[in-house]
Amino acid sequence: FNIIGPLLWVPFIPWLAEIATWLSPAHPELEGAARMGAEVPRQIANAHTVLNVVNALVFLNFTVVFARVVTWMWPDKPVEPKKVIIEPEFLSDELLETPSLALERVRMEIGRMGSITRDMLVKIREAFTTQDRHAFEEVEKMDDQIDLLRDYIIHYLGEIREQDLSDEQEKEFVCLLSVTEDLESLADVIETDMVTLGRGSLQAEEIKHSETIRVLMRQLHAQLLTALQAAVEAIAESDPRKAQDVLSVKGEIQQAIDDALKHQATRIVPRDAARLTGLRIEMEVLDKLERIYRLCRRIAKAALPTELLAEKSG
């Protein structure tokens, strides 16, 4: 518009000048530079006005063509969708006025949160086995999802708390709040503590683990995966039998830890720095695995009825 429009007027400059002169006031009483100073500024302004108004009326018929040309010359850049790490799948605002249904949705979201935590436990084992730096980074990214889901659930529980809750719903509310925090703590043990230990083992390449300890760790890890899965399902499905399954394997898991510790004691060589470093990392890993099981037990206990919980405590 600004380039082609004025060029179209080049052949018509004399007519444009006459129109501008005709539209502008004249000052015949003045002469020379004084007359030019009084008349020319208004004539220039009117010439611009005529040019722009006529061009606008002419090009108005070609607006679509102009738009297509401009779009072709400068196409829109595709807008990338906003990257969201994770969003809740089950927390529905429409159900907040019905606390029983809303609390059930919290159980389902906790089940999803627990599934991701279990995947973290699987991935951390793979990372230790393959000594893959990227696998440790994936565990950290998964923990970011856990942190976000925890925040979503806590916020949603806060909304539920604004409703009138029965005594039973109040107990369920406290239970789900506690489980959410325990699951987040369990994920932190994997992401913060075990990833740090894993990276320490990456830096000490001379560390060698015995085949016996590998087998013991693998067996303990498998038992913990089963316990974590059962604990999460006990909450998500409100199933006390699965909670009892978690509590019933306490002896087996403790025995597996004791066996690993006894084996470690036979491998201590005071002057072998590499072996001592490896033993330290392995024993710390054992400590973290034991802590994971304790958190599984706490989660499972939340799914037990009061009478069964008292019996277990006794």
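Residues numbered from 1 in each chain as written. Predicted model: local features only at pLDDT ≥ 70, side-chain atom pairs only at ≥ 80, totals over all residues. Heavy atoms only, no water.

(A) Structural context of the packing of helix α5 (residues 99-130) against helix α6 (residues 133-161). Where α5 contacts α6, the two axes come as close as 9 Å, and the packing angle between them is 165°. When the axis of α5 is compared with that of α6, the two are roughly antiparallel. Pair α5 / α6 crosses with left-handed handedness. (Axes fitted to C-alpha atoms, helices over the stretch in contact; angles between N-to-C directions. Helix = DSSP H or I, 4+ residues; strand = E, 2+ residues; numbered from the N terminus. Parallel < 35°, antiparallel > 145°, perpendicular 65-115°, else oblique. Left-handed = near helix turned anticlockwise from the far one by under 90°.)

(B) Examining the pattern of salt bridges more closely. Going through the model one piece at a time under the given rule, you end up with 16 salt bridges. Here Glu126 ties to Lys123 by a salt bridge, and the two come within 3.3 Å at their closest N and O atoms. Taken together, the residues span about one helical turn, with Glu126 and Lys123 both in helix α5 at a distance of 3 residues. Arg241 is the partner of Asp239 in a salt bridge, and the nearest nitrogen-oxygen pair spans 3.5 Å. Three or more residues joined by partner-sharing salt bridges are found here, namely Asp193, Asp287, Lys288 and Arg291. (Salt bridge = Lys/Arg side-chain N within 4 Å of Asp/Glu carboxyl O.)

(C) Seen up close, the nonpolar core. Counting residues in each nonpolar core, the largest one holds 69 residues, and the members touching the most others are Val106, Ile124, Ile160 and Ile292. Counting residues per element, the ones that place at least two in this core are α5, α6, α7 (167-203), α8 (211-236), α9 (240-248), α10 (250-265) and α11 (273-301). Not counting residues up to four positions away in its chain, the partners in contact with Val106 are Leu91, Ile153, Tyr156, Leu157, Ile160 and Leu176. The next biggest cluster of nonpolar side chains, apart from the first, holds 6 residues, and it includes Trp9, Ala20, Ala47 and Leu51. (Core = buried A, V, L, I, M, F, W, Y, C linked by side-chain atoms within 4.5 Å. Buried < 20%, exposed > 50% of the residue type's maximum accessible area, 1.4 Å probe, protein only. Contact = heavy atoms within 4.5 Å.)

(D) Layout of α5. The terminal C-alpha atoms of α5 lie 46 Å apart, and with 32 residues this matches the ideal 46 Å at 1.5 Å per residue to within 8%. Positive phi appears at Gln131, one or two residues downstream of α5, with a value of about 55°. (Expected span 1.5 Å × (residues − 1).)

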